[in-house]
Each structure stands twice: as structure tokens, then as C-alpha cells.
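# Close look at the chain arrangement
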Amino acid sequence: MSVEIVGRMLSTLPEDDDHPYRTGPWRPQTTEWSADDLEVVEGEVPADLDGVYLRNTENPLHPSLKNYHPFDGDGMVHVVGFRDGKTFYRNRFVRTDGLLAESEASQSLWAGISENPALARRDDGWGARGRMKDASSTDVIVHRGMALTSFYQCGDLYRVDPYSGDTRGKEDWGGRFPFEWGVSAHPKVDDRTGELLFFNYSKEAPFMHYGVVDADNTLVHYVDVPLPGPRLPHDMAFTENYAILNDFPLFWDATALERGVHAPRFHRDVPSRFAVIPRRGGAIRWFEAEPTYVLHFTNAYEDGDEIVLDGFFQGDPEPADNGMGDKWQRAFRFLALDRMQSRLHRWRLNLVTGAVREEQLSDRVTEFGMINGDFLGRDYRYAWAATGKPSWFLFDGLVRHDLLTGAEEHLSFGDGVYGSETAMAPRTGSTGEDDGYLITLTTDMVEDASYCLVLDAARIADGPVCKLKLPERISSGTHSTWAAGSELRRWHNAESAAASIGL
Ligand SMILES: [Fe+2]
């Protein structure tokens, strides 16, 4: 393995930090690494694995103004690349305007999500709430060969080189990017059409928009999605012909909001609503369903008169403080999958009758589901999802859900080992939906190290077919994606891309 330190950022976090989401498995990094030919600890690198795994993560550098929330940290992108049995790793901070300003000031300038916006040292900012730092730390996708990082509260989309991890400025979509509202995390790319579908939300009417960027990277469609008030949508889904947005009854308490207090409340008597919108325009149709909140959807597709929508139904979107656990477990119970009771669920929205049928697909508590990207918007069979360490925002294992048979296969990472959202990488010449690999990054507290695990997507319980060592133990993290090498090489000069990764 050849390893080089290419950057270090100043951290002003205290040596004796006791925040569990800035220490232990969530200890942030300050070093940016470039490593080639990663050490193979187990197995061998599959020769038919070609592309890059990208993961974004909150990675804080400065103490909060008052209360740190794990969604507040600055974005850091990790890249693990594979081709012809060779590998490389890069990690880079996303050079957001907010990160650069706070680095200059050597302190936090904006209030985090669990702090009062009035604490902010700056009057400007981003986010549906307003006056937040756009950390671009939530999600990462790839469109037209460029990685785009995003922020759950809405913000800019930062362009990140998918090989080097270097920030290449902000996306502007032919000068039509909705900078005033920003774009939410979880924009979707339809590889069949080359389009990017997105939404945004804010406290101002109409409270949501939906948009389409075409294969030439121009914003060609942008419409109002009027809602009854400010909402907190996090994800969307799409089918071949429709986009599906949502209005869940977990939103800021209206009375408190009048006093400037942003307190999310689950309104148990208010139905969930799904908006079905023809992708390039047309009447919005609304469907009502059981009250819940859904952080992430796995997929949607059309089946006759119905739209099938799969996602993680939360049995308890606002878990009560039951007195169990320490102060941190109680404070961050809203992030624990076992407390939210998130389970894979299916809604069938009938476009003819307007009826909704819904059913739980699995008894097991999982979230952060990933599928084979070639099946997005189409009928599919498999979802791979994370299990959570009870009471914590940490992924302690994986489940392969077979949605046809209901069969489940489980892999535990082992005590003290935590994974990231796991991307599915179809093997070169893949012949089936599960013919490929699952890739994740671990934070191994037992060995004080981090590894990239490559699993056979059809047999996850067998454990990794390959385990690669990263240069240092990295912070636990969440959202990831896979970009196929064949697709990336359409957009990047093959020689320069190969040179940039040492291949
Ligand atoms: Fe998310």
C-alpha cells in the first residue's frame, strides 16, 4: 500500500470531548489521505469489480455554539476505487462556503439543528429552517460522471470529482439552479434517461418544489408542490413515468414555530400523504395512508393501475423518553432505529380508484436500504439494508431482503464494528439483480482500524470476499453510492482518470 497525507484541517474540538457523536466510532478525521493498492487483509479483490464507492459523512471540526447534533458536521467524502483487481482510497472534506468561512474564523459560525438560530454569529445561511450552515454532508450521488453532495435541510449541490474526491465548485444547471431554496438531500438519477429528479422544501409557501434536470444538465422542469404548511420531507422515489413526493405528519409544531422554536412533532391523527406527479408535468394526485414518517424509500415502480412504493415505515416517529440509557442515548433516541421502529413497508397507490393498500414487508427493524441501481424505478426483488445498534445511530449489520419470497439473510459486523450505508455494485457482465457485490466501510473499535468490505450480494452471510485496510480508522457514517467505471469513463478522459488514481 502506498499512502500519502495530502491535507490536514485545523480542528478546535477539545481533547477531552465527551460527545458520543464526536468520539469513539464517530471520532471525526482531520487528515486527508491518498492511498493506492490497499492492503488486502482477507480474500482477494474481485477482478470484475470496476468503479468507485463513494460515502459522505458529517465530520465536525469546531465545537458547536451550544449543542452538537450528529447532522451538523462538515461533509467529508470517502472514495474507494476498483479496477482490474487494483484499488485506491481518497478522503476529502467538501470545500463548502460554510467550511471555508469557519476554517478562516477557527470556530463555528452557524447554529446547528438542535440550537436556536438566534445563536448564529452570521445572519445569512442555508436550510429550510434558515440560518444554518450548508455542510453538504448528508448524501452523495453521481450524475453525468460527477459526484454531487447534498444537505438534508436543502442547500447547494457541490460537485466532487468521483476519483479524487476534490471539490469542483457548485452545480448550477445551466444557470437555473434554485439557489434561493437550494435542493434537498436524495435527488434521484435515472440512468436510463440521464435525468436527475429532485425536490426542495422551506418554511415559505408553497413549501415544496419538484424539478427535473435533463441529460444535458439543464433544469428543464420546476413546479410548485403546495403543502398545508412547512414539512420535513427527506427522500423521494420515482417510477418510469412518475415522481413520488410526500407529506408526512412529522413536522414543526405550528404554535412553537410562531415563537421561532423549531420542534418536530408527530401528529398521530394526521394521515401520511403521497404526491404522484407525472415526471415532466401534469396534475398532482394525492394519496392518503396510515400516519408515519419515512426517512428513506428503497424503490418504486408501476404495476398495472398501481404504483408500488417501498420504504421504511416508522412505528414510532417520536419515541418518548422512557428513562432508559444515559443522557446521550435519551437525547438522541430519535436516531436509533430500534426506537423509531423502522421496518420495510409497501404502499400500493391505485391510480384509477385512488385507493391505497399498505403492508409491512418484514418484522425486522432495518433502514438505509440500497438496491441494484439498474433497477431503480422498475420492478425489483432485492433490498439490502442496515441493522442498528440498539439506542445508537450506528449500523451493526446487514440484511438482504428478498421481497419476492420474504426470505432474509443477516450478517452481523461483530461487537464494536460498525458499517456504513452499503452500496450494491453489479459485477462486470452482471446477469442478474443480485449478481454483484456489496461494499461498505467499517469503523472497527476492536482493532482501532477501518476496512472496506466487499461482500457477495447473493450470499452476505458468508462474510466478505475481500477486506481492504484503510489508512486510518475513519468516522462511522451513512449515505453512499456506487458509480460504475464504464459509466464514469464516458465522462472522464480515461487516461487522466487512470492517472489520477494511480492505475
Ligand atoms: Fe438520508
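Residues numbered from 1 in each chain as written. Predicted model: local features only at pLDDT ≥ 70, side-chain atom pairs only at ≥ 80, totals over all residues.

- As recorded by an unreviewed UniProt entry, the chain carries the name Dioxygenase and is attributed to Cryptosporangium phraense.
- Here the chain is described in UniProt, under the heading Sequence similarities (unreviewed entry), as follows: "Belongs to the carotenoid oxygenase family." (UniProt positions renumbered as here; feature names shortened; annotations may be inferred.)

### A word on the pairing of strand β28 (residues 408-412)
- Summarising the sheet, strand β27 (residues 395-402) and β28 pair through five bridges and their orientation is antiparallel. Paired with L398 across the bridge in β28 is L411.
- Between the end of β27 and the start of β28, which pair antiparallel, lie five residues, with G406 showing a positive phi angle near 85°. (Pairing = 2+ DSSP bridges. Helix = DSSP H or I, 4+ residues; strand = E, 2+ residues; numbered from the N terminus.)

### Considering the domain arrangement of the chain
- What the domain assignment reports for the chain is domain 1 (1-185 + 437-503) and domain 2 (193-412).
- Grouping the amino acids of the side of domain 1 that touches domain 2 by side-chain chemistry returns 17 nonpolar, eight polar and three charged. (Domains from an automatic or database assignment. Nonpolar A, V, L, I, M, F, W, Y, C, P; charged D, E, K, R; others polar.)

### Some details on unusual backbone geometry
- Here the bond from A205 into P206 is cis, since omega is 5°, no more than 30 degrees from zero.
- Note that P206 resides in the loop between β12 (195-201) and β13 (208-213).
- The residue D37 is not glycine, and still its phi comes out positive at about 50°.
- Relative to the helices and strands, D37 is located in the loop between β2 (31-36) and β3 (40-43).
- Phi angles above zero are rare outside glycine, and S106 is one such case at about 55°.
- Structurally, S106 is set in the loop between α1 (97-105) and β7 (139-143).

### What to know about the sheet that holds strand β14 (residues 219-224)
- Spatially, β11-β12-β13-β14 is the arrangement adopted by the four strands of the open sheet, whose pairing is antiparallel. Lying at the two open borders of the sheet, with one neighbouring strand each, are β11 (188-190) and β14. Averaged over all pairs of adjacent strands, the angle between strand axes in this sheet comes to 15°, irrespective of strand direction. (Axes fitted to C-alpha atoms, helices over the stretch in contact; angles between N-to-C directions.)

### Some remarks on the UniProt feature "binding site: Fe cation" (unreviewed entry) in the chain
- Following the UniProt record, one finds the feature "binding site: Fe cation" (unreviewed entry) at H186, H234, H296 and H479. A maximum C-alpha distance of 12.8 Å among these annotated residues, which run over 294 residues, shows that they cluster at one spot.
- Under the C-beta neighbour-count criterion, H234 is labelled buried, with 21 such atoms within 10 Å.
- Setting aside anything within four residues of it in sequence, one finds H234 in contact with Y152, A185, H186 and L295.
- Relative to the assigned elements, H479 resides in the loop between β33 (464-469) and β34 (480-484).
- The exposure class of H479 is buried, given the 24 C-beta atoms found within 10 Å.
- Leaving out residues up to four positions away in the same chain, H479 has contacts with R55, N56, T138, D139, V140 and E421. (Buried ≥ 20, exposed ≤ 12 C-beta atoms within 10 Å, placed from the backbone. Contact = placed C-beta atoms within 7 Å.)

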